[in-house]
Amino acid sequence: AQSVTQLGSHVSVSEGALVLLRCNYSSSVPPYLFWYVQYPNQGLQLLLKYTSAATLVKGINGFEAEFKKSETSFHLTKPSAHMSDAAEYFCAVSRSGAGSYQLTFGKGTKLSVIP
Amino acid sequence: DAGVTQSPTHLIKTRGQQVTLRCSPKSGHDTVSWYQQALGQGPQFIFQYYEEEERQRGNFPDRFSGHQFPNYSSELNVNALLLGDSALYLCASSFGQALYNEQFFGPGTRLTVL
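Here goes a summary of the coordinates provided. Counting from 1, residues in each chain are numbered in the order their sequence is written. Both sets of labels track the order of writing: A upward for chains, 1 upward for ligands. Predicted model: local features are reported for residues with pLDDT of at least 70 only, side-chain atom pairs are reported and counted for 80 or more only, and whole-chain, interface and lining totals are derived from all residues. To get the side-chain values, take all heavy atoms of the structure and skip hydrogens and water.

Let's talk about the interface of chain A and chain B
For an interface, size is often stated in terms of accessible area lost upon the parts coming together.
And then number 1: Of the residues lining the interface, 20 residues belong to chain A; the matching set on chain B comes to 23 residues.
And then number 2: Both sides together, the interface formed by chain A and chain B hides about 1700 Å², and carbon and sulfur atoms give 56% of it.
And then number 3: Simply put, the buried area is the total loss of 1.4 Å probe accessible area from both parts when two parts are fitted together. For the chain A face of the interface with chain B, the top three residues by lost area are Leu44(A), Tyr101(A) and Gln102(A), together amounting to 34%.
And then number 4: The salt bridge criterion pairs a side-chain nitrogen of Lys or Arg with a carboxyl oxygen of Asp or Glu, the two atoms within 4 Å. Taken together, the connections running from chain A to chain B amount to zero salt bridges.
And then number 5: Residues adjacent in sequence count toward polar contacts only when both atoms are side-chain atoms; beyond that, a polar contact is any pair of N or O atoms within 3.5 Å, and within protein one must be able to donate a hydrogen and the other to accept it. Our enumeration of links across chain A and chain B arrives at two residue pairs in polar contact (both at pLDDT 80 or more).
And then number 6: Secondary structure counts use DSSP, requiring at least four H or I residues in a row for a helix and at least two E residues in a row for a strand, with both numbered from the N terminus. Those elements that provide at least two residues to the side of chain A that touches chain B are strand 4 (31–38), strand 5 (44–50) and strand 9 (87–95) of chain A.
And then number 7: The dominant element in the side of chain A that touches chain B, judged by the number of residues it contributes, is strand 4 of chain A, at four residues.
And then number 8: Note that Gly is not counted as nonpolar here; it falls among the polar residues with everything else outside the nonpolar set of Ala, Val, Leu, Ile, Met, Phe, Trp, Tyr, Cys and Pro and the charged set of Asp, Glu, Lys and Arg. Each residue belonging to the side of chain A that touches chain B can be placed in one class, and the counts come to nine nonpolar, nine polar and two charged. We call two residues contacting when some pair of their heavy atoms lies within 4.5 Å.

Written out as structure tokens, the structure is:
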């Protein structure tokens, strides 16, 4: 079974500061890993995904994440926060390979950006 | 391209009633997955439909059922509603089942059970 733990239900950063959202996963097989963003009253939008290629994954809006197998982590970073980054962020995991079509999400981290 | 659309936007039901939620996938997509997102929680996988069949199911009771039509649109049915079924129900579509294909999410249907 797969599971995801997101550390910190709420993170606040100043505009222009580094954004770091933490995600640790548990998986008995090599995982696929995802970060999604959800703006108020909207569905989820994919930021980036790891599917066993490069361990440093670049996504949209300047976000990136690094897959660290030894630490079972997939933390999301952005060098400089913008007001428009305020939203809720979800880390998700699935089994790699055929036969598994289920995403398992963490509980989410709400990001606030202070002007 | 309209993206993934869901209807209705909001719905209020009472305990014991039945509800049907609808989803139209993004153009070109043939796979639909449904998720339940309770307040303050991450989405939980309900099931996935591909080629008009349920292909995988999460940990949800049989009260939750679905259907996929030949045009790839889908319905989620919930019978004998409980207060705990109150949530945002999200539909996601993709081309093919594999999760390395991006899933596009709709805005959701907010269900309130009184």
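Points about the packing of aromatic side chains
Residues and elements named next belong to chain A.
And then number 1: Aromatic pairs are defined between Phe, Tyr and Trp rings, using the six-membered ring for Trp, whenever the two ring centres lie within 6.5 Å; interplanar angles under 30 degrees are classed as stacked, those over 60 as edge-to-face, and all others as tilted. Overall, the coordinates contain 14 aromatic pairs over all chains when judged by the stated rule.
And then number 2: Measuring from ring centre to ring centre gives 5.6 Å for phenylalanine 63 and tyrosine 89, while their planes differ by 45°; the resulting arrangement is tilted. Pair noted here: phenylalanine 63 is in the loop between strand 6 (56–58) and strand 7 (64–68) and tyrosine 89 is in strand 9, with a separation of 26 residues, a long-range link.
And then number 3: What makes phenylalanine 63 buried here is its relative accessible area of 2%.
And then number 4: Residue classification places tyrosine 89 among the buried positions, given a relative accessible area of 0%. Accessibility here uses a 1.4 Å probe with only protein chains present; expressed as a share of the type maximum, an area under 20% marks a residue as buried, one over 50% as exposed, and anything in between as partly exposed.

Looking at the side chain of Gln37(B)
And then number 1: Relative to the elements of secondary structure, Gln37(B) occurs in strand 4 (residues 31–37).
And then number 2: Only 3.1 Å separates the side chain of Gln37(B) from the side chain of Gln38(A), close enough to count as a polar contact.
And then number 3: Discounting chain neighbours no more than four positions away, the residues touching Gln37(B) are Gln38(A), Leu44(A), Phe90(A), Gly42(B), Pro43(B), Ala87(B), Leu88(B) and Leu90(B).

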